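The lines below spell out each chain.
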Amino acid sequence: MSIYNIAVIAGDGIGPEVLQEGIKVLNTIAELDGSLHFEYTYFPWGCEYYSQHGVMMDEDGVERLKDFDAIFLGAVGFPGVPDHISLWDLLLKIRKSFDQYINIRPIKLIKGAPCPLKDVNREDIDMLFIRENSEGEYAGAGDWLFKGQANEVVLQTGVFSRKGTERVIRYAFETARKAGKSLTSISKGNALNYSMVFWDQVFEEVAKEFPDVQTASYLVDAAAMLMISDPKRFEVVVTSNLFGDILTDLGAALAGGIGLAAGANINPERNFPSMFEPIHGSAPDIAGKGLANPLAAIWSASQLLDFIGHEKYGQLVLDAIEGLLLEGEVLTPDMKGAASTAEVGDRVSKIVSSLMPSVMVE
Ligand code: NAD
Ligand code: IPM
Ligand code: MN
């Protein structure tokens, strides 16, 4: 029996609603497999916890998480707690503490998923974003000078270390090489005359180690335009923390909507747990109503399965999501359906069960 210990931080708003469906799908797989078991430990951290205890997570929280096989997270942030406090003290704290410096976000238009572009070839939207996830504009470095005075100045410093920049770019090259795909770097060296000039330089240096990988490099503004007008240019993509954040929401809209977009925060050395989460937020506007689309959380469960070495089941979950979208019957309102969050999770689990026998005999 393989037992995996999963830390569950359901968090705020729709976080708990969507995560429950991801867990439902994981449990379906474990039960059918028989030799696989997930043990969940629930941590009640989030904005409600903050309003009761004055902290987003317990003081020893990071220590308590460090031995889990993976962390499964819903969403963090809710009106009433300033976003910079809730996110810095929970989500960003975990990414940093566990050196989850790779953020993998697939932007792939799977069969049946809606796309706002007209006449698009489905296969042309198949990108793998590798977002730097530990520094850059998210370093938390800055200053607030002369607060409230006429000469007030606020600084937010982007930090791009040699180590931090090189490791994400090298990881992206290795990923592209393994997949036999091109690698595109997205930066902004024309205006950001320190950070992005350095980024471009490191990209060129590391590229020399990978002569077999075809490369391209775009300025971020042009890249945003090209993602819409010519998405097939992008295969594996590497970019900075902030650009990756923004472009993957854009990408989500291209590939089925924010309710379908998943992300994995990876510590490749496996010194610490990695964390799997939908890329959307807590969606306060629809929270608590059973309206949230759980497919992003379910897709993150698929990424979790890949990461722990059960790629066959990771693919099975993706196939089940595709099956559900092709049926087009059990969908949440963001996908023009009338089903609830739980009904979508139930249906995906059913499809997983029906596909399971063929996977198990492989
Ligand atoms: P959001 O992603 O929560 O919502 C944006 C829009 O998308 C809303 O209209 C929402 O209803 C919709 N939406 C999002 N997820 C959906 C789903 N699964 N199904 C259907 N519709 C969905 O972004 P926001 O409104 O900018 O942020 C809300 C809060 O979440 C803020 O506090 C923000 O800081 C936080 N946030 C957290 C994370 C995270 O925890 N990883 C990510 C993004 C935003
Ligand atoms: C994401 C989110 C976070 C980020 C926020 C909530 C800090 O938008 O995971 O995409 O910017 O990384
Ligand atoms: Mn984001």
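For the protein, the name recorded in an unreviewed UniProt entry is D-malate dehydrogenase (decarboxylating), with Cytobacillus solani as its organism. Under Sequence similarities (unreviewed entry), UniProt gives the following word-for-word description of the protein: "Belongs to the isocitrate and isopropylmalate dehydrogenases family."

> Now, about the domain arrangement of the protein: what can you tell me, with residues and values included?
For interface size, the figure often reported is the accessible area lost on association. As assigned here, the protein comprises domain 1 (1–106 + 258–362) and domain 2 (115–255). Centre-to-centre, using C-alpha coordinates, domain 1 lies 24 Å away from domain 2. Across the boundary between the two partners, domain 1 contributes 18 residues, which contact 19 residues of domain 2. The element contributing the most residues to the side of domain 1 that touches domain 2 is strand E4 (residues 102–108), with 5 residues. The residue inventory of the side of domain 1 that touches domain 2, partitioned by class, reads 11 nonpolar, 3 polar and 4 charged.

> Kindly report on the site of ligand 1, identifying the contributing residues and their values.
Residues in close proximity to ligand 1 total 22 residues, the closest being Gly77, Gly259, His280, Gly281 and Asn293. Here the shell around ligand 1 gets 3 residues from one element, more than from any other, and that element is helix H4 (residues 83–97). Partitioned by chemical class, the residues of the shell around ligand 1 number 12 nonpolar, 6 polar and 4 charged.

> Describe the sheet that holds strand E3 (residues 70–75), listing the residues and the values that go with them.
Read across the open sheet, the 10 strands follow the order E2-E1-E3-E12-E11-E4-E5-E10-E8-E9; overall the sheet is mixed. Both outer strands of the open sheet, strand E2 (36–42) and strand E9 (215–219), are each paired with one neighbouring strand and no more. Sheet twist, expressed as the mean angle between neighbouring strand axes with direction ignored, is 25°. Note that strand E8 (residues 183–187) and E9 share 5 bridges and pair parallel. Its bridge partner being in E9, isoleucine 186 is matched across the sheet by tyrosine 218.

> Which residues make up the nonpolar core, and what values go with them?
Buried together is how nonpolar side chains tend to be arranged in soluble globular proteins. Within the largest apolar cluster, 104 residues are counted, with the highest numbers of intra-cluster contacts made by Ile71, Ile130, Val317 and Ile321. Counting residues domain by domain, this core receives three or more from each of domain 1 (1–106 + 258–362) and domain 2 (115–255).

> I'd like to hear about the packing of helix H9 (residues 295–307) against helix H10 (residues 311–327), residue by residue, with values.
Two numbers describe how H9 lies on H10: the axes approach to 6 Å, and their chain directions differ by 160°. As judged from the angle between their axes, H9 and H10 are roughly antiparallel. Pair H9 / H10 crosses with left-handed handedness. Residues Leu295, Ile298, Trp299, Ala301, Ser302, Gln303, Leu305 and Asp306 of H9 form the contact with H10, whose own contacting residues are Glu311, Tyr313, Gly314, Val317, Leu318 and Ile321. Class assignment of the residues belonging to the contact of H9 with H10 gives a composition of 9 nonpolar, 3 polar and 2 charged.

Conventions used here
- Residues numbered from 1 in each chain as written.
- Chains lettered and ligands numbered in written order.
- Predicted model: local features only at pLDDT ≥ 70, side-chain atom pairs only at ≥ 80, totals over all residues.
- UniProt positions renumbered as here; feature names shortened; annotations may be inferred.
- Domains from an automatic or database assignment.
- Contact = placed C-beta atoms within 7 Å.
- Helix = DSSP H or I, 4+ residues; strand = E, 2+ residues; numbered from the N terminus.
- Nonpolar A, V, L, I, M, F, W, Y, C, P; charged D, E, K, R; others polar.
- Near = placed C-beta within 6 Å.
- Pairing = 2+ DSSP bridges.
- Axes fitted to C-alpha atoms, helices over the stretch in contact; angles between N-to-C directions.
- Core = buried A, V, L, I, M, F, W, Y, C linked by C-beta atoms within 7 Å.
- Buried ≥ 20, exposed ≤ 12 C-beta atoms within 10 Å, placed from the backbone.
- Parallel < 35°, antiparallel > 145°, perpendicular 65-115°, else oblique.
- Left-handed = near helix turned anticlockwise from the far one by under 90°.

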